[in-house]
Amino acid sequence: MSTATATAPDTTTNALTTGRLPRWAPWALLGFSWVVFVIVFSIIAMAGETEFNIAAALFLGTILFDVLIFSVTYLVEGARQARDRLMTSLVATAFIIALIPLVSLLFTVLVNGTARFDIAFFSQSMRNVVGEGGGALHAIMGTLLITGAATLISVPVGLLTAIYLVEYGRGKLARAITFFVDVMTGIPSIVAGLFAFAFFSLVFSDPGIRFGLGGSVALSLLMIPVVVRSSEEMLKLVPNELREASYALGVPKWLTILKIVIPTSIAGITTGVTLAISRVIGETAPLLIISGFTASMNYNLFDEKMMSLPVFVYTQYANPGSDIQPYLERAWAGALTLIVIVMVLNLIARLIAKIFSPKLGR
Amino acid sequence: MTTAPVSPRAKLRLGDRIFSTSTVTAGVIILVALAAVAVFLIAQSIPALVADPAELKGSPSSFWEFVAPLAFGTVWAAFLALLMALPISIGIALFISHYAPRRVAQSLGYIIDLLAAVPSVVFGLWGIKVLAPAVTPLYNWLVENFGWFPLFTPPVSGTGRTVLTVAIVLAVMIIPIITAVTREVFLQTPVLHEEAALALGATRWEMIQMAVLPFGRPGMISAAMLGLGRALGETMVVAMVLSPALVISFVLTSSTNSPTIAGNIALNFPEAHGVGVNALIATGLILFAITFVINSIARVVINRRKAFSGAN
């Protein structure tokens with residue numbers, strides 16, 4: 001409005017941006033720090049001292065960035081802004097630090113696992129195999145059987161408990177169940193395995209008992225709390241109006257739950273169950289204790305030792321023959337298979353949640 | 001005079017009876033299972049407690065002498081892991097809840113959850129084949145230059161299979177759980193408190209210091225305890241990476257480390273027999289008791305928080 005503003009010369013600096021770093025400055029500093037350390041490390045690598053280590057270079061570069069951004073901002077913007085920027089960069093650094101092991105792990109498993117990720121690996125067992133060759137068919141079969149049985153135990157118990165907590169449970173019993181389910185999520189997996197062993201060795205009075213179903217029992221002990229928690233959350237999301245509409249039509253409570261509540265929340269429940277399966281399918285310690293390990297196929301859950309994929313990875317690593325390499329390659333291939341299974345299960349869970357979730361809106 | 005209105009009583013249907021009874025049964029089964037864990041572990045531990053201690057591995061003078069290095073190693077490794085994981089997790093939780101652009105925040109959360117999805121045996125393989133060789137030069141340097149410091153007393157381990165390596169892997173494994181819980185708590189911070197701080201001219205970090213962190217403190221504590229519980233019970237990484245010896249030692253970089261309860265069970269159970277099995281189960285019982293107490297306290301703290309935050 002006033003002529004002063006209208007005719008203000010463009011050459012003067014904006015009062016709102018003086019004493020502030022330009023927006024690109026942090027990014028430029030970050031890039032600069034990374035480049036510095038990549039150069040330093042490649043010089044060291046060229047000098048032949050060690051291999052080029054990109055993770056360490058990026059890590060140290062990020063630390064350098066934290067120092068640089070603090071000093072630069074301190075000089076330009078002052079102490080408070082400097083501390084703010086420092087914390088921002090530290091928080092981002094924390095995220096990057098967590099990413100380094102994840103990326104490194106996925107990368108190594110992919111690189112080392114592909115060597116034996118072949119048809120023989122999925123079509124042969126380790127029976128009579130010493131050294132090269134062989135595969136993990138017996139382990140994959142065992143994992144499917146044991147985890148399948150664990151799912152058959154956990155889903156009815158877990159789902160019914162969730163229904164109890166949401167639809168029926170009031171008072172002390174419900175509160176006790178909620179609390180102990182929460183505590184159960186923290187039981188160490190090896191304790192679950194020890195429990196299954198202690199239980200079955202007493203029941204069958206066999207001090208060296210090993211069989212597949214014992215592993216399923218141990219796994220369901222770990223799986224039930226996860227199923228209960230996720231199903232409970234999903235059942236709670238079902239709007240009360242749906243239940244009331246059903247009651248108003250004279251439908252009994254149990255039919256309301258079976259025909260209205262569960263179908264509405266089935267997508268979420270399936271997602272939860274899938275995630276729970278992906279959690280226990282990689283469990284090693286309990287199966288090592290109660291299911292044991294073997295080199296042969298075993299389709300019988302109720303008798304004899306049964307191999308599973310995580311235990312296969314562990315035994316290939318821990319008990320190699322005289323020539324270590326083929327054993328390690330099988331271990332890595334097993335690890336790759338496990339990761340693929342877990343990732344696919346996670347992906348399926350997210351897809352189910354996305355596609356089949358009820359369309360409540362109009 | 002009219003008759004008093006008779007309130008209609010719901011007809012008790014057979015289906016309702018069966019259904020509600022079966023849900024209660026399922027809930028009770030869970031409680032029974034948890035009690036059974038304690039009962040059967042105790043039942044199988046008793047032979048080890050009453051047996052002649054000389055029959056145990058390493059012929060200790062008493063059962064508690066057998067347990068001491070294991071208990072120490074368990075707590076030491078878990079403590080180190082927590083020390084590394086806690087600041088990083090809080091940083092990540094803040095990054096996701098208050099720094100990252102809202103559109104990508106959720107996918108960043110998924111990425112951290114991916115860490116939780118990786119099976120522990122794969123972490124073990126990575127720890128021994130990738131991490132241990134990578135940190136060995138660092139250990140050499142530390143022991144050479146800081147050997148006078150009690151934590152880095154020489155000799156250095158040549159393989160990197162030390163308690164510090166184990167603790168690093170454990171830290172990576174417990175980051176997701178700590179992050180998930182703290183993130184939830186940070187997101188519950190009353191928005192009005194945050195906006196009030198910003199309106200008074202606080203920078204983003206000052207706002208977090210004044211509004212978010214005080215509000216989230218109980219949540220952070222219980223998240224740390226949940227992570228500690230995870231680290232105490234983690235088995236495969238310790239069994240694969242650590243080179244154990246029956247000693248009590250604080251040294252981070254040596255090749256003789258105190259074993260942990262869980263790792264010791266995994267290593268020795270397949271070959272154990274007789275009273276050795278009972279002794280391992282007894283150590284498992286101790287582990288169960290420790291984690292049970294820690295998890296219970298953490299849950300009590302979290303639940304109390306929930307009750308209060310409902311007002312906001």
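Residues numbered from 1 in each chain as written. Chains lettered and ligands numbered in written order. Predicted model: local features only at pLDDT ≥ 70, side-chain atom pairs only at ≥ 80, totals over all residues.

## Considering the overall build of chain B
Then, in step 1: For chain B, the helix and strand inventory stands at 10 helices and 0 strands.
Then, in step 2: Listing the helices and strands of chain B from first to last along the sequence gives α-α-α-α-α-α-α-α-α-α.
Then, in step 3: A compact globule built from 312 residues would reach a C-alpha radius of gyration of about 20 Å, whereas chain B, at 25 Å, exceeds it by more than 25%.
Then, in step 4: The principal-axis extent of the C-alpha atoms belonging to chain B is close to 95 × 60 × 30 Å.
Then, in step 5: Buried residues in chain B amount to 47% of all 312 residues.
Then, in step 6: The contacts in chain B between residues at least 6 apart in sequence include a share of 79% that link residues at least 24 apart. (Helix = DSSP H or I, 4+ residues; strand = E, 2+ residues; numbered from the N terminus. Rg over C-alpha atoms; globule rule 2.2 N^0.38 Å. Buried ≥ 20, exposed ≤ 12 C-beta atoms within 10 Å, placed from the backbone. Contact = placed C-beta atoms within 7 Å.)

## A word on the overall build of chain A
Then, in step 1: The secondary structure content of chain A amounts to 14 helices and 0 strands.
Then, in step 2: Tracing chain A from N to C terminus, the helices and strands come up as α-α-α-α-α-α-α-α-α-α-α-α-α-α.
Then, in step 3: Whereas a compact globule of 362 residues would reach a radius of gyration of roughly 21 Å, chain A reaches 29 Å, over 25% beyond that.
Then, in step 4: For chain A, the spread of C-alpha atoms along the principal axes amounts to about 90 × 75 × 35 Å.
Then, in step 5: Scored against the burial criterion, the 362 residues of chain A give a buried share of 44%.
Then, in step 6: Counting contacts in chain A only where the partners sit at least 6 residues apart, residues at least 24 apart contribute 73% of the total.

## So, the interface of chain A and chain B
Then, in step 1: Residue-level contacts link 69 residues of chain A with 67 residues of chain B.
Then, in step 2: Looking at which element gives the most residues to the side of chain A that touches chain B, the answer is helix 4 (residues 79-113) of chain A, with 19 residues.
Then, in step 3: For the side of chain A that touches chain B, the class distribution of residues is 52 nonpolar, 12 polar and 5 charged. (Nonpolar A, V, L, I, M, F, W, Y, C, P; charged D, E, K, R; others polar.)

## Some details on the nonpolar core
Then, in step 1: Of all hydrophobic cores here, the largest spans 188 residues; its most connected members are Phe195 of chain A together with Leu170 of chain B.
Then, in step 2: Looking at this core, the element that brings in the most residues is helix 5 (residues 163-187) of chain B, giving 17 residues. (Core = buried A, V, L, I, M, F, W, Y, C linked by C-beta atoms within 7 Å.)

## Focus: the packing of helix 10 (residues 240-248) of chain A against helix 11 (residues 253-280) of chain A
Residue and element names in this part refer to chain A.
Then, in step 1: The geometry of helix 10 relative to helix 11 is characterised by a closest axis approach of 10 Å and an angle of 155° between their N-to-C directions. The angle between helix 10 and helix 11 falls in the class roughly antiparallel. The chirality of how helix 10 crosses helix 11 is right-handed. Contacts between helix 10 and helix 11 pair Leu242, Arg243, Ser246 and Tyr247 from the former with Thr256, Ile260, Val261 and Thr264 from the latter.
Then, in step 2: In terms of residue class, the contact of helix 10 with helix 11 is built from 4 nonpolar, 3 polar and 1 charged. (Axes fitted to C-alpha atoms, helices over the stretch in contact; angles between N-to-C directions. Parallel < 35°, antiparallel > 145°, perpendicular 65-115°, else oblique. Left-handed = near helix turned anticlockwise from the far one by under 90°.)

## Structural notes on unusual backbone geometry
All names here are of chain A.
Then, in step 1: Non-glycine residue Asn128 carries a positive phi angle of around 60°.
Then, in step 2: Locating Asn128 in the fold gives a position in the loop between helix 5 (119-123) and helix 6 (137-168).
Then, in step 3: Its identity is not glycine, yet Ser205 carries a phi of approximately 35°, on the positive side.
Then, in step 4: Note on placement: Ser205 falls in the loop between helix 8 (189-203) and helix 9 (212-237).
Then, in step 5: Since 8 C-beta atoms lie within 10 Å of it, Ser205 is described here as exposed.

## With respect to helix 1 (residues 14-50) of chain B
Then, in step 1: In a regular helix each residue adds 1.5 Å, so 37 residues correspond to 54 Å; helix 1 of chain B covers 52 Å between its end C-alpha atoms and thus fits that length.
Then, in step 2: Its maximal kink placed at Gln44 of chain B, helix 1 of chain B deviates by approximately 30°, while the proline Pro47 of chain B follows within four residues. (Expected span 1.5 Å × (residues − 1). Bend = angle between axes of the 7 residues up to and from the residue.)

## Details of the environment of Pro239 of chain A
Residue and element names in this part refer to chain A.
Then, in step 1: Residue position: Pro239 is located in the loop between helix 9 and helix 10.
Then, in step 2: Take Pro239: there are 11 C-beta atoms within 10 Å of it, and that puts it in the exposed class.
Then, in step 3: With 25 residues separating them along the chain, Pro239 and Thr264 place their C-alpha atoms 9.4 Å apart.

## A closer look at the domain arrangement of chain A
Then, in step 1: Partitioning chain A into structural domains gives domain 1 (16-111) and domain 2 (123-356).
Then, in step 2: The distance between the C-alpha centroids of domain 1 of chain A and domain 2 of chain A comes to 41 Å. (Domains from an automatic or database assignment.)

## Some details on the confidence of the model for chain A
Low pLDDT marks stretches whose predicted atomic positions should not be read closely.
Then, in step 1: Summary statistics for chain A give a mean pLDDT of 86 and a share of 92% for residues scoring 70 or more.
Then, in step 2: Taken as a whole, residues 1-5 of chain A scores under 50 in pLDDT and shows 0 contacts with residues more than four places along the chain or in a different chain. (pLDDT = per-residue confidence, 0-100.)

## Some thoughts on the confidence of the model for chain B
Then, in step 1: Mean pLDDT over chain B: 86, with 94% of residues reaching 70 or higher.
Then, in step 2: Both confidence scores are given for the complex: pTM 0.87, ipTM 0.87.

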